[in-house]
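Fold and contact review
Below, each chain spelled out in residue letters.
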Amino acid sequence: MRLLIAYGSTEGQTRKIARAAAEHLRKQHHEVQVVDCADLLTDFDIFPFDAAIIAASVHQWQHQTEMVEFVIKHKDWLADKLTAFISVSLSAAFEEDQAEAELYIDQFIDETGWRPQHTLSLAGALRYKKYDFMRRWVMRFMASAKGAPTDTSKDHEYTDWDQLYAFLDEFVADAKENPRKTA
Ligand SMILES: Cc1cc2nc3c(=O)[nH]c(=O)nc-3n(C[C@H](O)[C@H](O)[C@H](O)COP(=O)(O)O)c2cc1C
């Protein structure tokens, strides 16, 4: 299968997730292209792909604008193919915030009008070392309210890699069981 993984990442965790997903799928002999939507050329050709995974992270309750724009631009193609959406957030890391994390996905679907067949709410990271002073202060405050680490001298990763790989395996199984979805 020829797969597109298009992502948006502000501090790098979703980029890491997109690359890990690609590596996992390549081990299963799929041809995978990973693209950062922030760098995408306007003449990007989506038509050669059989299926797509879109990954974006949440900042102030919103996914990246470039991801919303990318999906709206390619909505007709996405509607015809096997697709998945991975929403990366801090809320996904906490039991009590699962409903909020799911809401981000609903919001993205409402905003774009795209209905992916598979969705995953995946925990991201606290990347204190990447934040400027203001962001570090805000995120430390947010973390403290949740009982999350407040040591800003290092980054803290919450991503459950096994959850990601299990999700990808389900996605591939769906493609195998329903070959018409990727035709
Ligand atoms: C300024 C800022 C705002 C954020 N806002 C939210 C938010 O509203 N909800 C949430 O669940 N996570 C929020 N996060 C956490 C990010 O979703 C998380 O750090 C994620 O891993 C970022 O992915 P990225 O590195 O690919 O951009 C925020 C992070 C930052 C730095």
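Along each chain, residue indices are assigned from 1 in the same order as the chain's sequence is written. Note on the predicted model: pLDDT of at least 70 is required for a residue's local features to be given, and 80 or more for side-chain atom pairs to be given and counted; whole-chain, interface and lining totals, by contrast, use all residues. Excluded from the side-chain calculation are hydrogens and water; included are all heavy atoms of the structure.

**A look at the packing of helix α1 (residues 13-27) against helix α6 (residues 161-177)**
As a reminder, the rule being used: Axis geometry follows a simple rule: fit a line to the C-alpha atoms, using only the stretch in contact for helices, then measure angles between N-to-C directions, giving values from 0 to 180 degrees. Comment: elements are numbered from the N terminus, with helices defined as DSSP H or I runs of at least four residues and strands as E runs of at least two. When describing relative orientation, an angle under 35 degrees is termed roughly parallel and one over 145 degrees roughly antiparallel, while 65 to 115 degrees is termed roughly perpendicular and anything else oblique. By definition, any crossing whose near helix is turned counterclockwise from its far helix by less than a right angle is left-handed, and any crossing with a clockwise turn is right-handed. Throughout, a residue-residue contact means that at least one pair of heavy atoms, one from each residue, lies within 4.5 Å. For this scheme, ten residues count as nonpolar: Ala, Val, Leu, Ile, Met, Phe, Trp, Tyr, Cys and Pro. Four count as charged, namely Asp, Glu, Lys and Arg, and the remainder, Gly too, count as polar.
Close contact between α1 and α6 brings their axes to 10 Å; oriented N to C, the two are set at 50°. Here α1 is positioned oblique relative to α6, judged by the angle of their axes. Like other packed secondary-structure pairs, α1 and α6 cross with a definite hand, here right-handed. For the pair α1 and α6, contact is made by Q13, K16, I17, A20, A21, H24 and L25 and by W161, L164, Y165, L168, D169 and V172, respectively. Within the contact of α1 with α6, the residues separate by chemical class into 9 nonpolar, 2 polar and 2 charged.

**Focus on the site of the ligand**
Quick reminder of the rule: Throughout, the term near means that a residue has one or more heavy atoms lying within 4 Å of the molecule or strand in question. Whenever two N or O atoms come within 3.5 Å, that pair is a polar contact, provided that in protein one can donate a hydrogen and the other can accept it, and provided that, for residues adjacent in sequence, both atoms are side-chain atoms. Areas reported here follow the Shrake-Rupley algorithm with a probe of radius 1.4 Å; residue values treat only the protein chains shown as occluding. The split into domains, and so the bounds of each, comes from an automatic or database assignment of domains.
Not every one of the 21 residues close to the ligand is listed here, only the nearest: S9, T14, V58, S91 and A125. The separation between an oxygen atom of the ligand and a polar main-chain atom of L90 is 3.3 Å. A125 places a main-chain nitrogen or oxygen 2.6 Å from an oxygen atom of the ligand. The protein chains hide 95% of the 640 Å² of surface that the ligand would expose on its own. Top element by residues in the shell around the ligand is strand β3 (residues 51-59). It accounts for 3 residues. Taken together, the residues that form the shell around the ligand break down as 8 nonpolar, 11 polar and 2 charged. Looking at which domains feed residues into the shell around the ligand, each of domain 1 (2-124 + 159-182) and domain 2 (126-158) supplies at least three.

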